[in-house]
Amino acid sequence: QVQVVESGGGLVQAGGSLRLSCAASGRTFSRYGMGWFRQAPGKEREFVAAINLSGDSTYYADSVKGRFTISRDNAKNTMYLQMNSLTSEDTAVYYCSQGRFGYGSRSSEDYLYWGQGTQVTVSS
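We now turn to the structure provided with this report. Remember, predicted model here, so these are calculated numbers, not experimental data. For every chain, the first residue of its written sequence is number 1, and the numbers climb from 1 along that sequence. Residue-level local features of this predicted model are given only where pLDDT is at least 70; pairs of side-chain atoms are given and counted only at 80 or more, and the full residue set underlies all totals for whole chains, interfaces and linings. The basis for every side-chain value is the complete set of non-hydrogen atoms in the structure, without hydrogens or water.

Some details on the pairing of strand β5 (residues 46-51)
The side chains of a regular strand alternate between both faces of the sheet.
Then comes step 1: Of all six residues making up β5, five are buried, and the element is well covered by its neighbours.
Then comes step 2: Alignment of strand β4 (residues 34-39) against β5, held across five bridges, turns out to be antiparallel. Bridging from a neighbouring strand, Arg38 pairs with Glu46 of β5.
Then comes step 3: The criterion for strand pairing is that DSSP finds at least two bridges linking the strands in question. Put simply, DSSP marks the helices as runs of H or I at least four residues long and the strands as runs of E at least two long, and each gets a number from the N terminus on. Connecting β4 to the next strand, β5, in antiparallel fashion are six residues, including Gly42 with a positive phi near 75°.
Then comes step 4: By the bridge criterion, three bridges tie β5 to strand β6 (residues 58-60) in an arrangement that is antiparallel. Looking across to β6, one finds that Ile51 is bridged to Thr58. Only protein chains enter the calculation, and the probe is 1.4 Å; a residue is then buried if its accessible area is under 20% of its type maximum, exposed if over 50%, and partly exposed in between.

Re the sheet that holds strand β1 (residues 3-7)
Then comes step 1: Ordered by their spatial adjacency, four strands build an open sheet running β1-β3-β8-β7, and the pairing between neighbours is antiparallel. Looking at the sheet topology across the chains shown, the edges are occupied by β1 and β7 (68-73). Taken pair by pair, the neighbouring strands of this sheet meet at an average axis angle of 15°, ignoring direction.
Then comes step 2: For β7 and strand β8 (residues 78-83), the ladder comprises six bridges, and the chain directions are antiparallel. From the neighbouring strand, Ile70 faces β8, where its bridge partner is Leu81. A fitted line through C-alpha atoms represents every axis, and for helices the fit uses only the stretch in contact; the resulting angles, taken between N-to-C directions, go from 0 to 180 degrees.

Topic: the pairing of β8
Then comes step 1: Most of β8 sits out of view: five of its six residues are buried.
Then comes step 2: In this structure, strand β3 (residues 18-25) lies alongside β8, joined through six bridges in antiparallel fashion. The residue of β8 that forms the bridge with Leu18 is Met83.

Structure (structure tokens):
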């Protein structure tokens with residue numbers, strides 16, 4: 001059974017940092033691309049960042065580029081999202097997803113398994 005579990009969310013002041021983690025099990029982690037998406041209240045889920053199976057290709061939404069860093073540790077079956085210079089616009093539920101294939105993708109349709117989400121709240 002495949003499981004994808006996020007952790008690391010919380011409340012942080014504007015300008016602060018958080019690191020999200022995503023642990024996946026049930027499939028060979030190193031074979032699949034991974035992604036982060038988020039959904040703010042009253043808005044649709046949006047792409048945040050993605051990484052390919054080996055971790056040498058990464059992709060970011062324009063809104064987070066230069067502030068967020070996606071990475072993975074295949075030995076630990078874990079993906080990370082380092083979030084710096086947070087603003088109130090980053091407040092959302094953040095979802096980890098595991099891809100159908102080895103590449104990273106901006107499209108939610110390219111992801112097969114999703115976590116339950118972790119809340120990130122940035123106070124101004």
